[in-house]
Amino acid sequence: MKTETETNVICKRLMALLTDSTKGAVVTDPTDTGPDSIRRLGVSSTAMLEFLVAIEDEFGIEWDDEVDEATFRSFDAIADHIAAERGS
């Protein structure tokens, strides 16, 4: 039996957070977590800000001004960043 990687678990939580933070306006595809997966959803800047705040609350991290812009384009990249921040 294959266990899920931490990145996969975080990606699922991120997708649920995005849907919740946009009150269902953005619906994610659980099979699309790779490059530009968030950009393809057409998330508005306001919705993205709400999503990033929700991530901070959910995962207990704070976004640093030095985070590479590319991190915010995909669920995988955000998940990797969160895992690194948490020391995983």
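The present account deals with the structure reproduced in this document. Since this is a predicted model, take the numbers as computed values, not measurements. (Residues numbered from 1 in each chain as written. Predicted model: local features only at pLDDT ≥ 70, side-chain atom pairs only at ≥ 80, totals over all residues. Heavy atoms only, no water.)

1. Quick word on the side chain of Ser21
Move 1: With respect to the element layout, Ser21 can be found in helix H1 (residues 6-21).
Move 2: You can call Ser21 buried: its relative accessible area is 15%.
Move 3: In terms of polar contacts, Ser21 uses its side chain to reach the backbone carbonyl oxygen of Leu18, at 3.2 Å.
Move 4: For Ser21, the contacting residues outside a window of four places in its chain are Glu50, Phe51 and Ala54. (Helix = DSSP H or I, 4+ residues; strand = E, 2+ residues; numbered from the N terminus. Buried < 20%, exposed > 50% of the residue type's maximum accessible area, 1.4 Å probe, protein only. Polar contact = N/O pair within 3.5 Å; in protein donor to acceptor, adjacent residues only side chain to side chain. Contact = heavy atoms within 4.5 Å.)

2. Looking at the side chain of His81
Move 1: Relative to the assigned elements, His81 resides in helix H3 (residues 75-85).
Move 2: Residues in contact with His81, not counting those within four places in the same chain, are Ile61, Trp63, Val67 and Thr71.

3. A look at H3
Move 1: Every buried residue belonging to H3 is among Phe75, Ile78, Ala79, His81, Ile82 and Ala83, and all of these are buried.
Move 2: The elements touched by buried residues of H3 are H1 and helix H2 (45-59).
Move 3: Just past H3, the residue Gly87 takes up positive phi, approximately 75°.

4. Considering the packing of H1 against H3
Move 1: Between H1 and H3, whose axes approach to 9 Å, the crossing angle comes to 115°. The two elements H1 and H3 meet at a crossing, and its hand is right-handed. Taken together, the residues of H3 that come into contact with H1 (itself represented by Glu6, Thr7, Ile10, Cys11, Leu14, Met15 and Leu18) are Phe75, Asp76, Ile78, Ala79, Asp80, Ile82 and Ala83. (Axes fitted to C-alpha atoms, helices over the stretch in contact; angles between N-to-C directions. Left-handed = near helix turned anticlockwise from the far one by under 90°.)

5. Topic: the packing of aromatic side chains
Move 1: Under the definition given, this model contains 2 aromatic pairs.
Move 2: Here Phe51 and Phe75 contribute two aromatic rings whose centre-to-centre distance is 6.4 Å and whose plane-to-plane angle is 70°, an arrangement assigned as edge-to-face. Residue Phe51 is located in helix H2, and its partner Phe75 is located in helix H3; the two are separated by 24 residues in the primary sequence. Of the two residues, Phe51 and Phe75, neither departs from the other in class, the shared state being buried.
Move 3: Here Trp63 and Phe72 contribute two aromatic rings whose centre-to-centre distance is 5.0 Å and whose plane-to-plane angle is 65°, an arrangement assigned as edge-to-face.
Move 4: With a relative accessible area of 16%, Trp63 lands in the buried category. (Phe/Tyr/Trp six-rings, centres within 6.5 Å; stacked < 30°, edge-to-face > 60°.)

6. Notes on unusual backbone geometry
Move 1: The phi angle at Lys23 is positive, at roughly 55°, despite the residue not being glycine.
Move 2: Mapped onto the elements, Lys23 comes out in the loop between H1 and H2.
Move 3: One non-glycine residue with positive phi stands out, namely Asp36, at about 60°.

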